[in-house]
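Coordinates in review
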Amino acid sequence: MGKRNETKARMLAATARLLLTQGFNGTGMKQIVTESGTPWGSLYFHFPGGKEQLAAEAIRVAGERTAEAIRGFLASPGDVAAAIEAYAESAGTTLRATGFTEGCPVATVALEAAAISEPIRSACDDAFSAWWSLLAEGLRAAGAEPPGADELAMLVLSAIEGALIISRARKDTTALEAVVRRLVPLVRAACTGERT
């Protein structure tokens, strides 16, 4: 990786971390430069669209990182319900370990800025759509029938995302744990054709 690409990558990584904990409005350009340890002039060289472009690209990076984690859980031995449970447990562990400051890397910004910025809305939509698609593929591969697999994948994603937000607000993972307890039997039934 060349020096220019390394500088850009550091800026994106710092922005993704800051957006995760502080949101879009709470993250300043000066703070991004300081946190990334990069020169101020590099910011507008790499991101001529300013903070909005930088945030949208950072969301795409964070979204792909989460997609990789989902792929990893789905590729693990065991059924898809166990993979979903493991993913949610991992998210809960992260919440607790960070004092409930780090939940979903996209939700914080989506709630705050998607309505006012088309590039940010689009980046958030792309991330959520990629995760939904991965879950739907995993469910179909495990035996869930389409279009039910697509709907179940959206239910799983929405329930976990909502539970992460509630868990951050409550500083307690009870909501996430309750959601997983209800989702796992639904997912297993959908993949085996059993009635719940």
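See the structure above.
Everything in this summary refers to the structure shown in the same document. (Residues numbered from 1 in each chain as written. Predicted model: local features only at pLDDT ≥ 70, side-chain atom pairs only at ≥ 80, totals over all residues. Heavy atoms only, no water.)

1. Topic: the nonpolar core
We count it as follows: In this description, a nonpolar core means a group of buried Ala, Val, Leu, Ile, Met, Phe, Trp, Tyr and Cys residues linked to one another through side-chain atoms lying within 4.5 Å. Per-residue accessibility, obtained with a 1.4 Å probe over protein chains only, is compared with the maximum for each type, and a residue is labelled buried under 20%, exposed over 50%, and partly exposed between these values. Secondary structure elements are defined from DSSP: runs of H or I of at least 4 residues count as helices, runs of E of at least 2 residues count as strands, and each element is numbered from the N terminus. Contact criterion: two residues are considered in contact whenever any of their non-hydrogen atoms come within 4.5 Å of each other.
By size, the foremost hydrophobic cluster in this structure holds 57 residues, and its most contacted members are Ile59, Ile120, Trp131, Leu139, Val156, Ile160 and Val187. Tallying contributions element by element places helix H7 (residues 118-141) first for this core, with nine residues. For Leu139, the residues in contact, after removing those within four places along its chain, are Val80, Ala144, Ala149, Leu152, Ala153, Val187 and Cys191.

2. Some words on H7
The cut-off we apply is this: Expected span of a helix, by definition, is 1.5 Å for each gap between consecutive residues, and there is one gap fewer than residues.
Across its 24 residues, H7 extends 34 Å between first and last C-alpha, which sits within 8% of the 34 Å expected from 1.5 Å per residue. When H7 is considered as a whole, its buried residues turn out to be Ile120, Ala123, Cys124, Ala127, Trp131, Leu134, Leu135, Ala136, Gly138 and Leu139. Looking at the packing, one finds that the buried side of H7 touches helix H4 (50-75), helix H5 (80-97), helix H6 (107-113), helix H8 (148-170) and helix H9 (174-192). Directly after H7, the chain includes Gly143, whose backbone phi takes a positive value near 115 degrees.

3. Side note on the packing of aromatic side chains
Going by this rule: Any Phe, Tyr or Trp ring, taking Trp's six-membered ring, that has another such ring centre within 6.5 Å forms a pair; planes under 30 degrees apart are called stacked, those over 60 apart edge-to-face, and the others tilted. Should the NZ of a Lys or the CZ of an Arg lie within 6 Å of a ring centre and within 35 degrees of the ring normal, that charge is described as sitting over the ring.
All chains considered together, the criterion is met by two aromatic pairs. Ring geometry for Phe128 against Trp131: centres 5.4 Å apart, planes inclined by 90 degrees, an arrangement best described as edge-to-face. One end of the pair is Phe128 and the other is Trp131, both in helix H7 and three residues apart, which spans about a single turn. Judged by relative accessible area, which is 0%, Trp131 ranks as buried. Here Lys51 stacks its cationic end above the ring of Phe24, 4.4 Å away from the centre of that ring.

4. A short note on the pattern of salt bridges
Just so we agree on the cut-off: Just to be clear on terms, a salt bridge is a Lys or Arg side-chain nitrogen sitting within 4 Å of an Asp or Glu carboxyl oxygen.
For the structure shown, the criterion picks out ten salt bridges. Of the charged contacts in the structure, one is a salt bridge between Arg71 and Glu68, with a shortest N-O distance of 2.6 Å. Linking Arg71 with Glu68, this pair stays in helix H4, spanning three residues, or about one helical turn. Overall, Glu68 belongs to the partly exposed group, its relative accessible area being 44%. Taking the shortest distance from any N to any O, the salt bridge between Asp150 and Arg140 comes out at 2.5 Å. With a gap of ten residues between them, Asp150 in helix H8 and Arg140 in helix H7 connect regions that are remote in the sequence. Connected through salt bridges with shared partners, the residues Glu64, Glu68 and Arg71 form a single ionic network.

5. Looking at the side chain of His46
Assignment of secondary structure puts His46 in helix H3 (residues 40-46). A relative accessible area of 13% places His46 in the buried class. Not counting residues up to four positions away in its chain, the partners in contact with His46 are Arg4, Thr7, Lys8 and Gln53.

6. Re the environment of Pro105
With respect to the secondary-structure elements, Pro105 resides in the loop between H5 and H6. Counting along the chain gives 35 residues from Pro105 to Ile70, while the straight-line C-alpha distance between them is 13 Å. Excluding residues that lie within four positions of it along the chain, Pro105 makes contacts with Leu20, Ala62, Thr66 and Trp131.

7. A few points about unusual backbone geometry
With omega at 0 degrees, the peptide bond leading from Pro146 into Pro147 counts as cis. Checked against the element boundaries, Pro147 lands in the loop between H7 and H8. Residues other than glycine seldom take positive phi values, yet Phe100 does so here, at roughly 65 degrees. Following the sequence through the fold, Phe100 ends up in the loop between H5 and H6.

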